[in-house]
Every structure is written in C-alpha cells, then in structure tokens.
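Spelled out from the first residue to the last, the chains are:
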Amino acid sequence: MRRNSVVVRRGVDIDAIRSKSAPALFVTVTNVKTGLPRVISNRDISIDTLLASASLPELFAAVEIDGQHYWDGGYGGNPTLWPMIHSSLGDDLIIVQLLPDRIDDLPTDARSIRRRVGEIVFHSSLVAEMQAIHAMRNLTAPTHAPTRLAELRFHRIGPPRLALFDEGNAIERDRAWLELLHTEGVAAGRQFIARHGDDIGVRETLDVGGVYVDSRKPKLRMPASNPRLNVNITALSHAA
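Keep in mind that this is a model prediction, so the values were computed, not measured.

Procedures and definitions
- Residues numbered from 1 in each chain as written.
- Predicted model: local features only at pLDDT ≥ 70, side-chain atom pairs only at ≥ 80, totals over all residues.
- Heavy atoms only, no water.
- Phe/Tyr/Trp six-rings, centres within 6.5 Å; stacked < 30°, edge-to-face > 60°.
- Helix = DSSP H or I, 4+ residues; strand = E, 2+ residues; numbered from the N terminus.
- Buried < 20%, exposed > 50% of the residue type's maximum accessible area, 1.4 Å probe, protein only.
- Expected span 1.5 Å × (residues − 1).
- Bend = angle between axes of the 7 residues up to and from the residue.
- Contact = heavy atoms within 4.5 Å.
- Polar contact = N/O pair within 3.5 Å; in protein donor to acceptor, adjacent residues only side chain to side chain.
- Arc of directions from axis to C-beta.

Caption draft 1: Broad picture of the packing of aromatic side chains. Inspection of the entire model under this criterion finds 1 aromatic pair. Between the aromatic rings of Tyr75 and Phe122, the centroid separation amounts to 4.6 Å while the plane-to-plane angle is 50°, which identifies the pairing as tilted. Linking Tyr75 in the loop between strand 4 (68-72) and helix 4 (82-87) with Phe122 in helix 5 (residues 110-140), this pair joins segments that are 47 residues apart in sequence. Given a relative accessible area of 27%, Tyr75 falls into the partly exposed group.

Caption draft 2: Here's a closer look at helix 5. The terminal C-alpha atoms of helix 5 lie 45 Å apart, and with 31 residues this matches the ideal 45 Å at 1.5 Å per residue to within 8%. At His123, helix 5 is deflected by roughly 35°, the largest bend along its length. Those residues of helix 5 not exposed but buried are Ser112, Arg116, Glu119, Phe122, His123, Ser125, Leu126, Glu129, Met130, Ile133 and Arg137. If you follow the buried residues of helix 5, they end up packed against strand 4, helix 4, strand 5 (92-96), helix 6 (148-151), strand 6 (153-157) and helix 8 (208-212). One side-chain oxygen at the N-terminal end of helix 5 lies 3.2 Å from the backbone nitrogen of Arg111; it belongs to Asp109.

Caption draft 3: Structural detail: helix 7 (residues 175-196). Taking 1.5 Å as the rise per residue, helix 7 with 22 residues should run 32 Å; its terminal C-alpha atoms sit 31 Å apart, in good agreement. If you check which residues of helix 7 are buried, you get Trp177, Gly189 and Phe192. Down the axis of helix 7, the sector holding all buried residues measures 115°, keeping them to one side. Exposed side chains of helix 7 directed beyond 90 degrees from the buried face belong to Arg175, Ala176, Thr183, Arg190, Ile193 and Ala194. Residues of helix 7 that are buried sit in contact with strand 5 and strand 6. The opening residue of helix 7, the one whose side-chain oxygen lies 3.0 Å from the backbone nitrogen of Ala176, is Asp174.

Dropping the structure here:
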C-alpha cells in the first residue's frame, strides 16, 4: 500500500483538489464493517481517500480513514449521484457508465459467472439510484411543480462495447489493457460530443426509465378487506 501511495502522490495534487477554486469533486468509499457508502468532498479528500476509492479487496488491503476501514466505493455507489444532484452545480449530469446494461450470452462456466456477478453487484447501486430518480419524477409529474429532478437533464457516455469485456477484466493491470481502456474511453467521449454536444443545456438524451427500469409491472394481489381492522381504525380516529 505504501508503494501505491507514492505513485498516487506523484500524479495527484491534493492541495489543488482542496483549494476553493477547484471544481467540485465527490469520492465514494465503502465502509468494510457497515457496508455503507461514505462520500468525501474536496476539502476532506486525501491520498488515503483516493486509495480507498480504488481498493478492490481481491488486490489491496482496506484503507483506514478516521479509524474506519474502507474498500472501493463501487460497492455502495458507482457512481454516487445524489451529492451532484443536491449540489445544484449544473443542470446537466453526464454519467460515464463503465459496465454493460445487458449481455448477449448466458454465463454458464465458473469464470463467466463470477464476472457477471461482479458486474451486477457494481452496477446495482447506479440502477437503484436511477430507479429512485425515475420514481420521484413520476410522483411529482402530475403536480407540474418545478423540482430539482424535473429540471435536471441526464446524459450518458457508454456503456462500453460488449466485446471489450472479453479482452480483459476489472482487476487486470497489464499496461496494454490499461492503454486499451484509455483509448476506448477517449473514443466514447468524442462520440458522445459529436452526437449530443448540442443537446447539453437544451434537452435530456438519456431515457432513464427505458434504460434502468423493467417495464413489466408485477401483478399485485390486494388483500381482502378486514371488517375488524376497519372498525378498530374507525374507533381510533374517533378517539383522536
């Protein structure tokens, strides 16, 4: 871990991140004992924060911050959206999605099953947040009341092409693989700008409900009315 700390210090200016003139930055880490995500913003970010945010337990030991131990933030927020939403720093939020929405082939061997389980786990926090955003928008839509979620425009870069996931994996550190990821990321960013650059500040380009919500609704069985329960509730209301 000490060697990793030295490498990060060489490439990251912590003082610049903490300065008042720095763009807002939110880093998520996952508490090993509680499983809860912790979001750390500019002035509290340290080298240990950055190390913890990328600490996959298969590769690195948990990082201690303020007496607690943390792993990669992807387990609790990948990425964590609410700090950026509540900060009101902008009306457009561009999500860079690193994991696939879906796969074509059913995983059947141990390797592919482990990989898919990992993808689902790391993707689940983003899905949960986007589903919550979609549900809250639906609740406030009939009132036509201006809300932060209604005014915010969502966009997305990614997900990567499926074939890319057959060429490497999340814990691989081979230089050629990392350079390939960098090349793919730059290409995806340029493609997004070419396709949606003129939409920024104008319209939303991500279909939140279509991408993150299953359109098939469950068939709910409504419980039969309980006369005794109704009587009790009526009695309580009269007593109040």
